[in-house]
Amino acid sequence: MTKEDVMNWAYHIIDQEEQPDIIIIDLVLSGSKSIQETYHYLGQGDADTIHGRPLLGLLHHQYKSSNFDLAKTIQTLYSLTITTNLNGIETNTIYYIEYINDDYLEGYVTPEELSQKIRQFLETYQHYTIYNNDQWPELDKKIDEIQAAAQHP
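Everything numeric here is computed off the predicted structure, so don't read it as measured data.

Draft legend 1. Broad picture of the nonpolar core. Of all hydrophobic cores here, the largest spans 23 residues; its most connected members are Leu56, Leu77, Ile97, Leu114, Ile118, Phe121 and Leu122. Listed by contribution, the elements that provide at least two residues to this core are helix H4 (52-64), helix H5 (70-83), helix H6 (88-105), helix H7 (111-123) and helix H8 (136-151). Filtering out sequence-adjacent residues up to four positions away, isoleucine 118 remains in contact with Tyr63, Leu70, Thr73, Ile74 and Ile97. Counting residues in hydrophobic clusters, the runner-up holds five residues, among them Val6, Trp9, Ile13 and Leu58.

Draft legend 2. Molecular detail of the layout of surface pockets. Put simply, the largest pocket is a space of about 250 Å³. Lining the largest pocket are 15 residues, with Ile89, Thr93, Gln120, Phe121 and Thr124 positioned closest to its centre. For the lining of the largest pocket, the residue count by class is eight nonpolar, five polar and two charged. As a volume, the second largest pocket reaches approximately 190 Å³. In terms of lining, the second largest pocket is formed by Asp5, Asn8, Trp9, His12, His61, Gln62, Ser65, Asn67, Phe68 and Lys72. At four residues, the largest contribution of residues to the lining of the second largest pocket is made by helix H1 (residues 3-16).

What counts as what
Residues numbered from 1 in each chain as written. Predicted model: local features only at pLDDT ≥ 70, side-chain atom pairs only at ≥ 80, totals over all residues. Heavy atoms only, no water. Core = buried A, V, L, I, M, F, W, Y, C linked by side-chain atoms within 4.5 Å. Buried < 20%, exposed > 50% of the residue type's maximum accessible area, 1.4 Å probe, protein only. Helix = DSSP H or I, 4+ residues; strand = E, 2+ residues; numbered from the N terminus. Contact = heavy atoms within 4.5 Å. 1 Å grid on protein atoms, 1.4 Å probe; cavity = no way out; pocket = protein on both sides within 12 Å on 5 of 7 lines; lining within 4 Å. Points joined across faces, edges and corners; volume = space filled by probe spheres on them. Nonpolar A, V, L, I, M, F, W, Y, C, P; charged D, E, K, R; others polar.

These figures capture arrangement, not role.
Quick look at the structure:
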């Protein structure tokens, strides 16, 4: 996901809302800063640690609204494995999606099958928005519990 994508998203929110949240305004004002500092507004901790789940939430909304196609979504997912702090389960799931993408490119998987896998993964993060950043720790806890339960049924 590029800095431009994040900034466009923030500008869109400002254009649509009468009184946008202060975090959106801060995000727009961060436009002259580094990508790490800009992403910091979507994360927790210092600018060197980017919380990946809110960006997965943003990606979910971008993909669901067809702003991102399959190729851009997969490229963004891979980028997030490098630039954010996702856990091993999330990173492995993204790698699995890339594997399915290779099968899709070779004609073994339909676009619908690939899209379904992407949607299933991203829907987990749909509740992360820039407006509920105070709820992210609770959302993190729920996702961690779901992932733990899936690992140890």
